[in-house]
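Listed below are the residues making up each chain.
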Amino acid sequence: DSGVTQTPKHLITATGQRVTLRCSPRSGDLSVYWYQQSLDQGLQFLIHYYNGEERAKGNILERFSAQQFPDLHSELNLSSLELGDSALYFCASSLGGRSTDTQYFGPGTRLTVL
Amino acid sequence: ILNVEQSPQSLHVQEGDSTNFTCSFPSSNFYALHWYRWETAKSPEALFVMTLNGDEKKKGRISATLNTKEGYSYLYIKGSQPEDSATYLCASPDSSYKLIFGSGTRLLVRP
């Protein structure tokens, strides 16, 4: 158990809908990262927040947005969902935001868009 | 765009065999190299973070080396066990510190 929690574990929804994925980092960690793993794709970085501020952005679609709240939990919002958004979404946390900080991954949320 | 490559893509070994696989990354603007172990139906688990050329790290039967001048890292598993079966990922941060992951080496250890 990494100490990172994600809810929900599974989510099944329809195209055009909007969903929110939630992540709570390990106690004391200030950074939260979001990753997407689609079928036959590797882990793709989406976005990084450090202490409430956006630090780096990957190839995150405009339909996706995220935020980190004062209590350091983070939410990833996915809207106007398409079939291709079906994937495993991981959140990871680290103590700081340095490139040498170990990132600890949560259990993931499996999103299925029908 | 930073490119992290891993080889081989998959590896089948017999229990007790020692094995190793490679992660290649650009040697310029190097910051760090991360290794993760990812078991099926679980989440990636951090193994090592390596930063210095010549670094060697060890965790039980798993060890890793780093050559930043030529841009590669090796992961070694000594005396593989069935529970070592997993996908091993390496990742390196780009200039904006985003972790770029390789596609992984899938290891299957046969009893």
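Throughout what follows, the structure given in this document is the object of discussion.

Analysis parameters
- Residues numbered from 1 in each chain as written.
- Chains lettered and ligands numbered in written order.
- Predicted model: local features only at pLDDT ≥ 70, side-chain atom pairs only at ≥ 80, totals over all residues.
- Heavy atoms only, no water.
- Pairing = 2+ DSSP bridges.
- Helix = DSSP H or I, 4+ residues; strand = E, 2+ residues; numbered from the N terminus.
- Contact = heavy atoms within 4.5 Å.
- Buried area = accessible area lost by both parts, 1.4 Å probe.
- Salt bridge = Lys/Arg side-chain N within 4 Å of Asp/Glu carboxyl O.
- Polar contact = N/O pair within 3.5 Å; in protein donor to acceptor, adjacent residues only side chain to side chain.
- Nonpolar A, V, L, I, M, F, W, Y, C, P; charged D, E, K, R; others polar.
- Disulfide = S-S within 2.5 Å.
- Buried < 20%, exposed > 50% of the residue type's maximum accessible area, 1.4 Å probe, protein only.
- Core = buried A, V, L, I, M, F, W, Y, C linked by side-chain atoms within 4.5 Å.
- Phe/Tyr/Trp six-rings, centres within 6.5 Å; stacked < 30°, edge-to-face > 60°.
- Axes fitted to C-alpha atoms, helices over the stretch in contact; angles between N-to-C directions.

Glancing now at the pairing of strand 3 (residues 19-24) of chain B. All names here are of chain B. When strand 1 (residues 5-7) meets strand 3, the two strands line up antiparallel, connected through 3 bridges. Bridged to Gln6 within strand 3 is Cys23. Looking at chain direction, strand 3 and strand 8 (residues 72-77) are connected through 6 bridges and run antiparallel. Considered in strand 8, the bridge of Ser24 is made with Tyr72.

This brings us to the interface of chain A and chain B. Taken together, the 16 residues of chain A in the interface contact 18 residues of chain B. Surface buried jointly by chain A and chain B totals about 1400 Å² across both partners, of which 70% is contributed by carbon and sulfur atoms. Along the contact surface separating chain A from chain B lie 0 salt bridges. Linking chain A with chain B are 3 residue pairs in polar contact (both at pLDDT 80 or more), by the criterion used here. Of all the elements in the fold, those that place two or more residues in the side of chain A that touches chain B are strand 4 (31-37), strand 5 (43-50) and strand 6 (53-57) of chain A. Its residues assigned to classes, the side of chain A that touches chain B comprises 7 nonpolar, 7 polar and 2 charged.

Time to look at the state of the cysteines. Counted under the stated rule, the structure contains 2 disulfides over all chains. Through a disulfide, Cys23 of chain A is tied to Cys91 of chain A; the S-S separation comes to 1.7 Å. Taken together, the residues span a long stretch of sequence, with Cys23 of chain A in strand 3 (residues 19-24) and Cys91 of chain A in strand 9 (residues 87-94) at a distance of 68 residues. This pair shows no difference in class: Cys23 of chain A is buried, exactly as Cys91 of chain A is. A sulfur-sulfur separation of 2.0 Å characterises the disulfide bridge that pairs Cys23 of chain B with Cys90 of chain B. Measuring the twist about the S-S bond at about 80 degrees, one finds the Cys23 of chain B-Cys90 of chain B disulfide to be right-handed. Taken as a pair, Cys23 of chain B in strand 3 and Cys90 of chain B in strand 9 (residues 86-93) lie far apart in primary sequence, 67 residues in all.

One finds Phe21, Leu33, Trp35, Phe48, Leu75, Tyr88 and Leu107 of chain B to be the most contacted residues of the largest nonpolar core, which totals 23 residues. Those elements that provide at least two residues to this core are strand 2 (10-14), strand 3, strand 4 (33-38), strand 5 (45-50), strand 7 (62-67), strand 8, strand 9 and strand 11 (105-110) of chain B. With near-sequence residues (within four places) excluded, Leu107 of chain B lies in contact with Leu11, Val13, Thr19, Phe21, Ile77, Asp84, Ser85, Ala86 and Tyr88 of chain B. Counting 21 residues, the second largest nonpolar core, distinct from the first, contains Val4, Cys23, Ala87 and Tyr89 of chain A.

This part takes up the pattern of salt bridges. Under the counting rule described, the total for this entry stands at 9 salt bridges over all chains. Sharing partners across several salt bridges, the network here consists of Arg37, Glu39, Lys42 and Glu45 of chain B.

Taken as a whole and judged by the stated rule, the model has 13 aromatic pairs over all chains. Judged by centre distance (5.5 Å) and plane angle (75 degrees), the ring pair of Phe90 of chain A and Trp38 of chain B falls under edge-to-face. Residue Phe90 of chain A is found in strand 9, and its partner Trp38 of chain B is found in strand 4; the two belong to separate chains. Assessed through its relative accessible area of 13%, Trp38 of chain B is described here as buried. By way of ring pairs, the aromatic residues Tyr35, Phe45, Phe90 and Phe105 of chain A together with Tyr36, Trp38 and Phe101 of chain B are connected into one cluster.

Residues and elements named next belong to chain A. At the junction of Thr7 and Pro8, the peptide bond is cis and its omega measures out at -10 degrees in the coordinates. One non-glycine residue with positive phi stands out, namely Asn51, at about 50 degrees. By secondary structure assignment, the location of Asn51 is in the loop between strand 5 and strand 6. Here Leu72, not a glycine, exhibits a phi torsion of approximately 80 degrees, which is positive. In this fold, Leu72 is placed in the loop between strand 7 (64-68) and strand 8 (74-78). Judged by its relative accessible area of 16%, Leu72 is buried.

To summarise the sheet geometry, strands pair through backbone hydrogen bonds and adopt either a parallel or an antiparallel arrangement. All names here are of chain B. Spatially, 5 strands are ordered 1-3-8-7-6 in an open sheet, and the strand pairing comes out antiparallel. Of all the strands in the sheet, just strand 1 and strand 6 (56-59) have a single pairing partner and so form its edges. Between one strand axis and the next, the sheet turns by 15 degrees as a mean value, whatever way the strands run.

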